[in-house]
Amino acid sequence: MAAYLLRRLWQMIPTLLGVVLLVFFLFKYFGGDPAEIMGGLNASPEQINAIREQLGLNKPVWEQLWIFIKQIVTFDWGKSWATNESVANLFASRLPATLTVMLPILILEVSLAIPFALAVAAVRGSLTDRTVMILSTVAVSISLLVYVIVGQYVFAFRLGWFPVQGWTDSVWTNLTTYAPLPIMVAVAVAIAPYTRLYRTFFLDEIGHDYVRTARAKGMTERTILLKHVLRNAMIPIMTNISVALPGVFVGSFLLEVFFSIPGLGREILLAVNRSDYPVIQAFAIYIAFLTMVVNLITDVLYKLVDPRVVLK
Amino acid sequence: MSAVMSSPTPSAGNPKAQKSEGVWAASWRRMKADKVGMVSMAIVAFFLLMVIASASGLLAKNWQKEVGVPNAPPTFMGPAPAEATGVIAQPKGPNVDLSDIDPLAPKYKEWEERASKFKTEDVVKAETLPLGGDRLGRDVLAKVIKGAEVSILVGVLAAVVATIIGTVLGAISGFFGGKIGDFLEWLYNVFTAIPSILLIFAFAVIFGKGVLSVVMILGLAGWPGIYRLIRAEFMKHSVREYVRSAEAIGASRYSRMFKHILPNVSHVALVQLSLHVVSFIKSEVILSYLGLGVGVDQVSWGTMLSESQSELILGYWWQLVSVTALMAVFVTAFALFTDALRDALDPKLRGLE
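Residues numbered from 1 in each chain as written. Chains lettered and ligands numbered in written order. Predicted model: local features only at pLDDT ≥ 70, side-chain atom pairs only at ≥ 80, totals over all residues.

## Comments concerning the overall build of chain B
Part 1 of the argument: Regarding its fold elements, chain B presents 11 helices and zero strands.
Part 2 of the argument: Secondary structure elements in chain B, listed N-terminal to C-terminal, are α-α-α-α-α-α-α-α-α-α-α.
Part 3 of the argument: Computed over its C-alpha atoms, the radius of gyration of chain B comes to 31 Å, more than 25% above the 20 Å expected for a compact globule of 353 residues.
Part 4 of the argument: Once the C-alpha set of chain B is aligned to its principal axes, its extents read approximately 120 × 65 × 40 Å.
Part 5 of the argument: A separation threshold of at least 6 residues defines the contact pool for chain B, and within that pool the share at least 24 residues apart is 74%. (Helix = DSSP H or I, 4+ residues; strand = E, 2+ residues; numbered from the N terminus. Rg over C-alpha atoms; globule rule 2.2 N^0.38 Å. Contact = placed C-beta atoms within 7 Å.)

Structural data, given as structure tokens:
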């Protein structure tokens, strides 16, 4: 196990390097000039050049790349060029807002989708099954934008149950007042595809021989579903959750823009618009690393859940 | 009694041998039996016809003309009630005659004669439009058809781009393996490790706005999914006997990849293409909403949704409902068609339905 873990950690390095190179060169050659953006509309060429000197943009490309790599290795992310706030501080202050919204969404989605999918799988083939499937296809085809617009209009503007937008410093107020509407909208959007997916997993399990054997031995359908099928279907479900987990840390920039939540997703949109390299690069590295670590943990968890799995 | 069978048996020398139906014929037969699939295919075909008609100028050519009053309600609802004319009551009766002190009075007759020589068109703005009007008075029906053209075109083209890139790279990686396979695997890992929003924003910065840009953005962000599947298929097929036999009779590597293996793998690519069309149409809507999509002089479902947000507060719901309804119908039909396509092309996947 230790050898496997070490090997996986070692394999992450080329990928991280690739991410660094891709992000660095993409924004260097195609992004807007940060010195110009920071200088503003009325800056003179000398001022812009001075800014460029200060940011180190006039140095040769490989030197800038080398500085950047040194920064990553020493975990010194530097400061945002637009707001002069330290990047680590930026992340630390934005991440809680993102998590306050995204974690409840993930938990609610999974805990609602599993019973729905199980219930639908139990009545597979019937009219209920086909109706639910068609309804979820229709629900998925409506854009998230429509759900947000209508949700804000109906629940916030008309009924007044929640504020339309906003955020506070207190976690409790956020959870009870400001977060419920975005959470509700996001769960409503995501529940249909998750239910469909989990239903596929459950049906796959139900098709196996051991279920037929259990039925022949006289087990009730309920016990079969809850004790056997559910457990065996957890592996693909876990894979699905682990794929969604890095997304939880990125945040949904749409939700954050619509509901004025000061989260990471919105920061990224702002940083890209301002060509704020330190923030963009730090974000890319952070998410790339997180994705790979989550993949690694999932693979290790497979071994725990299913002892037959051999980790190569 | 004859010991020989009367019907012709399939054999090499017999000219009347029965041909076994090909893969595509068998799939088409299975497709025809699926009612839901045929209905959704008909709906998708209808939309594609509408897109072609709109692109060639038959429909919705004048979507930009402001033919109605601003925010004209849909026809079935009747015209909007006239707004209050103001608190000051208009006096009735003829105006006082001012011609003795009016310095311009002698010129009026001459000016009227000159003006009557010009033809003026009195544009009467319609009170109601079939599906209502937006805030400038443009016909929502024309906009929604034109928007369908742009959104569907973007979705289909982006899916084609992503599928071509993913298939070619997957074929090379799966067939050759070795160093080039490792390099492509590394490229795949890098692309999937970068969060997709960052990738999309980065490409949006590179390519700018416009239909072609959105196609490139989505295509370049979406190829990894297809690459993975095609690579697995090519790895599986490249060790099969028919490929080995082709190699034995001297088929080149290029010929083996694209003439022999690709047709056997094309059903996977086709299904992935359909899935990506749906997902790219939805992504385009969001990109256009954020302002990173099509240019300002074009309309797409995303731009219509961004307008409808501010209209909804004022109570004008028709643009939102038209776009949502049309998009829901098309995306649902396309998704059901994709399911039917997958079942028809590969019955082994049935049972997961």
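## So, the overall build of chain A
Part 1 of the argument: In terms of helices and strands, chain A carries 14 helices and zero strands.
Part 2 of the argument: Secondary structure elements of chain A occur, N-terminal to C-terminal, as α-α-α-α-α-α-α-α-α-α-α-α-α-α.
Part 3 of the argument: Counting over 312 residues, chain A shows a buried share of 31%. (Buried ≥ 20, exposed ≤ 12 C-beta atoms within 10 Å, placed from the backbone.)

## Observations regarding the environment of M38 of chain B
Part 1 of the argument: Looking at where M38 of chain B falls in the secondary structure, it is placed in helix α2 (residues 35–55).
Part 2 of the argument: Each C-alpha atom of the pair M38 of chain B and G177 of chain B lies 40 Å from the other, and the pair is 139 residues apart in sequence.

## A closer look at the interface of chain A and chain B
Part 1 of the argument: Taken together, the 38 residues of chain A in the interface contact 31 residues of chain B.
Part 2 of the argument: The set of elements that each furnish at least two residues to the side of chain A that touches chain B consists of α1 (2–30), α6 (127–141), α7 (144–158), α9 (180–206), α12 (253–259), α13 (264–274) and α14 (277–305) of chain A.
Part 3 of the argument: Residue contributions to the side of chain A that touches chain B peak at nine residues, all from α1 of chain A.
Part 4 of the argument: Partitioning the side of chain A that touches chain B into residue classes produces 27 nonpolar, 10 polar and one charged. (Nonpolar A, V, L, I, M, F, W, Y, C, P; charged D, E, K, R; others polar.)

## Here we look at the environment of V148 of chain A
All names here are of chain A.
Part 1 of the argument: Inspection of the secondary structure puts V148 in helix α7.
Part 2 of the argument: Residues V148 and A50, spaced 98 residues apart in sequence, show a C-alpha to C-alpha distance of 44 Å.
Part 3 of the argument: Not counting residues up to four positions away in its chain, the partners in contact with V148 are V185 and F258.

## Notes on helix α11 (residues 318–345) of chain B
Part 1 of the argument: The terminal C-alpha atoms of α11 of chain B lie 40 Å apart, and with 28 residues this matches the ideal 40 Å at 1.5 Å per residue to within 8%.
Part 2 of the argument: With 23 of 28 residues buried, α11 of chain B lies mostly within the body of the structure. (Expected span 1.5 Å × (residues − 1).)

## Notes on the nonpolar core
Part 1 of the argument: Core analysis: the largest hydrophobic core is formed by 147 residues, its most contacted members being F202, I280 and A284 of chain A together with V144, I194 and L198 of chain B.
Part 2 of the argument: No other element matches helix α4 (residues 140–176) of chain B, which puts 19 residues into this core.
Part 3 of the argument: The residues contacting L198 of chain B, other than those within four sequence positions of it, are I268, F283 and A284 of chain A. (Core = buried A, V, L, I, M, F, W, Y, C linked by C-beta atoms within 7 Å.)

## Looking at the packing of helix α6 (residues 196–207) of chain B against helix α7 (residues 211–237) of chain B
All names here are of chain B.
Part 1 of the argument: In the contact formed by α6 and α7, the axes pass within 9 Å of each other and the chain directions differ by 145°. The chirality of how α6 crosses α7 is right-handed. In contact with S196, L199, I200, F203, A204 and F207 of α6, α7 contributes S213, M216, I217, L220 and A221.
Part 2 of the argument: In terms of residue class, the contact of α6 with α7 is built from nine nonpolar, two polar and no charged. (Axes fitted to C-alpha atoms, helices over the stretch in contact; angles between N-to-C directions. Left-handed = near helix turned anticlockwise from the far one by under 90°.)

## Thoughts on the confidence of the model for chain A
Part 1 of the argument: Confidence in the prediction for chain A averages 82 pLDDT; 99% of positions are at 70 or higher.
Part 2 of the argument: The spread of mean pLDDT over the elements of chain A runs between helix α2 (residues 34–39) of chain A, the lowest at 73, and helix α10 (residues 209–216) of chain A, the highest at 89. (pLDDT = per-residue confidence, 0-100.)

## What about the environment of T332 of chain B?
Part 1 of the argument: Assignment of secondary structure puts T332 of chain B in helix α11.
Part 2 of the argument: Residues T332 of chain B and G133 of chain B lie 199 residues apart in sequence; the distance between their C-alpha atoms is 26 Å.
Part 3 of the argument: Leave out the neighbours within four places in its chain, and T332 of chain B touches T137, V138 and S141 of chain A.

## Topic: unusual backbone geometry
Part 1 of the argument: Backbone geometry at S260 of chain A places phi at a positive 55°, although glycine is not the residue there.
Part 2 of the argument: Following the sequence through the fold, S260 of chain A ends up in the loop between α12 and α13.
Part 3 of the argument: The phi torsion at N71 of chain B lies on the positive side, around 55°, for a residue other than glycine.
Part 4 of the argument: By the C-beta count within 10 Å, which is 18 here, N71 of chain B ends up partly exposed.

## What to know about the confidence of the model for chain B
Residues and elements named next belong to chain B.
Part 1 of the argument: Summary statistics for chain B give a mean pLDDT of 83 and a share of 92% for residues scoring 70 or more.
Part 2 of the argument: Per-element confidence in chain B is highest for α4, whose mean pLDDT is 92, and lowest for α6, whose mean pLDDT is 78.
Part 3 of the argument: Here the complex is predicted with pTM 0.80, and the ipTM for its interfaces comes to 0.77.

## Here's the deal with the packing of α6 of chain A against α11 of chain B
Describing two packed helices takes the angle between their axes plus the distance from one axis to the other.
Part 1 of the argument: Relative to each other, α6 of chain A and α11 of chain B sit at 125°, their axes nearing to 8 Å. Of the possible angle classes, the one that applies to α6 of chain A and α11 of chain B is oblique. Our pair here, α6 of chain A against α11 of chain B, has a crossing hand that is right-handed. Judged by residue contacts, T137, V138 and S141 of chain A of α6 of chain A engage M327, A328, V331, T332, A335 and L336 of chain B from α11 of chain B.
Part 2 of the argument: Across the contact of α6 of chain A with α11 of chain B, the residue classes tally to six nonpolar, three polar and no charged. (Parallel < 35°, antiparallel > 145°, perpendicular 65-115°, else oblique.)

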